[in-house]
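Per-entry structural report
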Amino acid sequence: MNKQLLLKNGQVLIGREFVAADLRIEDGRIEGIFPRENGEVSLRRDWHSGNAVATDIVHATPRAAERSAATFVGAAHEIDLNGARVIPGFIDIHTHGGFGVDFNQADGNDLQKVMAFFASQGVTAFLPTVMTDEPDAIARQLERIAQVAHAQNMAHSASVPCPRILGIHLEGPFLAESHRGAHPAYLLRPCDLGLFDELQCAAGGMIRIVTLSPELEGAIPFTRALAARGVRVSIGHSGASYEVAMAAIHAGANSATHIMNAMKLMHMHDPAILTAVLESDIYAEMICDGIHLHPAIVRFLIKAKGLDHMIAVTDSIMATGLSDGRYSIGGTEVIVEGGDAKLASNGMRAGSTLTMIGALRNLQVFSGRGIEELSRLVSENPAHMLGIDGDTGSIELGKRADLVALGAGDVLEMTMAGGQIAYLLQKRLFSKSYG
Ligand SMILES: [Zn+2]
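Below is a short write-up of the structure. Since we're looking at a predicted model, the values are computed, not measured.

Attention now moves to the overall build of the protein. In terms of regular secondary structure, the protein is built from 13 helices and 24 strands. For the protein, buried positions account for 51% of its 435 residues. Taking all contacts inside the protein whose residues are at least 6 apart in sequence as the whole, residues at least 24 apart take part in 68%.

Printed below as a string of C-alpha cells:
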C-alpha cells in the first residue's frame, strides 16, 4: 500500500466549485490541497518550507506541513489525472446487491464480488440492505455481513481495496402489509424491540438504519428506542397519516425510505406521510432511475426539500450490472425487462438496476443542474444523515480520501476508497511511482 500519494492535475470539487488542484493523500486521508494557477502549483514551495499559505483553499494539515520536501518527493506515488474532475466518493445507503449478489443470501465471497462491482460504479462506502425474511435468516445475513465489515476494519495492506461497509440497513420486517412492495406479507412482524436487540446483537452492533412503517402498533416508542440506541430510523413502506408520520419524526425518525415509492401520496384533505416528509426537515431517499420517479418529480422533490435533504440511493438488486432476465430478491422471483425489476408473481416493482454513477448522470439530465450542486445528493447528504460527515462525504483536509475521478463525458476513471485505488480505468490515467 502506498502510504503517500499525489493526485496531480485534477479539477477538484472543493465546497461547491471545481478548482484546478493537486491532492496529497497520506495514510488514507487528504493531507494537502494545492490549487494550480496557469497549470502550476505556485505555492508548493511555501508548503514545502512549512510556511503558512496565503489563500483559504491552499492547505496542508500541520502533520503534512512538518514533513520535508525530501520525504515527500522520495516516497510519493503520483497519478496524473489529466484534468479529470475529482468529486467525493458515492455513499449508497440503500442497496440490496448487484452483479449477481443479493445481500439476503450473500456469503463472504459474494460480498467481495459485489464490492468490486460497486467500486467500478464510484461507490466508496455503502450500507448493504437486508430485507424482510425469517428472523433466523436475517440474523445469519447480519452476522455474515458484520464479519466482512469487521475484517475490513482490521485489515490493512493485505486486503483488496474496496468500498467500505458503513453498517447495515435493515428494511423490514417491521413494515405495514398495505405498502409492503416486494416484502412477503407472511414474514412481516409487529414492532418488537426484543427482536431488534437480538438482530443488532447478531450484527455486532452494525445495524445503522432501520426502515419501518410508522403506523404499526407501538411504532412511535419503537422509533424513540431505536433513535436512543443511535440507530437511524427511516420511515417508509407506509400508508401512514400525516399526523402519525409527524409523530414518528418527532420521536426521532430522520429519513424517509424511497420517497413516494411504496408510500401513501398526498391529497388536499389527506396530506398523509408524503406531506410530513416534504414539510419536515428529515432526509429523503429517492431512486433516480427514471422508472421509480418521473423526471419532473425528481426536479420537484429537489426544489421542495432542497439540495441538502435529498439522498440519491440505488435500491439496487442482484440484477444490477447484468442483463435482463430472471433473478430474485430476498428469495422471491423477479423478472427484469429493460432494466425494470418486477416480482414474477404480481408485477409489483421490486428494487432497481440503478448504479450510483447512473443516478448522478440521471440527476444531471432530470434536474438540469451540475455536479457541483448534485454531488451532495450522492456523498455529503448520506454522510450527514449517518452522522459521519466529519470523516467523509466531502473533499476537505483530514477527511478520508474517498474520491471519484470523472473524465470527459462523466466517464468514471478512478475510485479511491480510504486512499486506496479500488477501481482504475487504466488507459485514461498516467501513474508513476518513485523509489
Ligand atoms: Zn429496498
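Either a parallel or an antiparallel arrangement is found when strands of a sheet pair, and the pairing is made through backbone hydrogen bonds. Pairing is antiparallel in the open sheet, where three strands are placed in the order β18-β19-β20. Looking at the sheet topology across the chains shown, the edges are occupied by β18 (325-329) and β20 (340-343). For this sheet, the mean inter-axis angle between neighbouring strands, taken without regard to orientation, is 35 degrees. Bridge count for β18 against strand β19 (residues 332-337) is five bridges, and the pairing is antiparallel. Bridge assignment links Gly325 to a residue of β19, and that residue is Val336.

In terms of nonpolar packing, the biggest core is built from 130 residues, with Val86, Leu142, Leu212, Ala245 and Met286 touching the most fellow members. Taken domain by domain, this core gets at least three of its residues from each of domain 1 (4-87 + 396-433) and domain 2 (90-386). Those residues in contact with Val86 that lie beyond four places of it in its chain are Leu7, Gly10, Gln11, Val12, Leu13, Leu23, Leu81, Ile395, Leu403 and Ala405.

For the rest of this paragraph, the subject is the environment of Ser328. One can find Ser328 in strand β18. C-beta crowding within 10 Å serves as the criterion here: with 17 such atoms nearby, Ser328 is assigned to the partly exposed category.

Right, let's get into the packing of helix α5 (residues 135-154) against helix α6 (residues 193-202). Between α5 and α6, the shortest axis-to-axis distance is 8 Å and the interhelical angle comes to 30 degrees. Considered as vectors, α5 and α6 are oriented roughly parallel to each other. The residues of α6 that touch α5, namely those facing Pro135, Ile138, Ala139, Leu142 and Glu143, are Leu195, Glu198, Leu199 and Ala202. Looking at the contact of α5 with α6 residue by residue, the class counts come to seven nonpolar, no polar and two charged.

A word on the environment of Glu333. Secondary-structure assignment places Glu333 in strand β19. The exposed category is assigned to Glu333, around which 12 C-beta atoms lie within 10 Å. In sequence terms Glu333 and Ala182 are 151 residues apart; their C-alpha atoms lie 9.8 Å from each other. Once residues lying within four places of it in the same chain are set aside, the contact partners of Glu333 are Arg326, Ser328 and Ala344.

Listed as buried for helix α7 (residues 219-228) are Ala219, Phe222, Thr223 and Leu226. For α7, the arc enclosing every buried residue in end-on projection is 100 degrees, short of the 170-degree limit, so these residues lie on one face. Projecting away from the buried face of α7 at angles above 90 degrees are the exposed residues Pro221 and Ala228. Packing partners of the buried residues in α7 comprise α6, β13 (207-212), β14 (232-235) and α8 (242-250). Following α7 by one or two positions, Gly230 has its phi on the positive side, about 85 degrees.

Rules used throughout
- Residues numbered from 1 in each chain as written.
- Predicted model: local features only at pLDDT ≥ 70, side-chain atom pairs only at ≥ 80, totals over all residues.
- Helix = DSSP H or I, 4+ residues; strand = E, 2+ residues; numbered from the N terminus.
- Buried ≥ 20, exposed ≤ 12 C-beta atoms within 10 Å, placed from the backbone.
- Contact = placed C-beta atoms within 7 Å.
- Pairing = 2+ DSSP bridges.
- Axes fitted to C-alpha atoms, helices over the stretch in contact; angles between N-to-C directions.
- Core = buried A, V, L, I, M, F, W, Y, C linked by C-beta atoms within 7 Å.
- Domains from an automatic or database assignment.
- Parallel < 35°, antiparallel > 145°, perpendicular 65-115°, else oblique.
- Nonpolar A, V, L, I, M, F, W, Y, C, P; charged D, E, K, R; others polar.
- Arc of directions from axis to C-beta.

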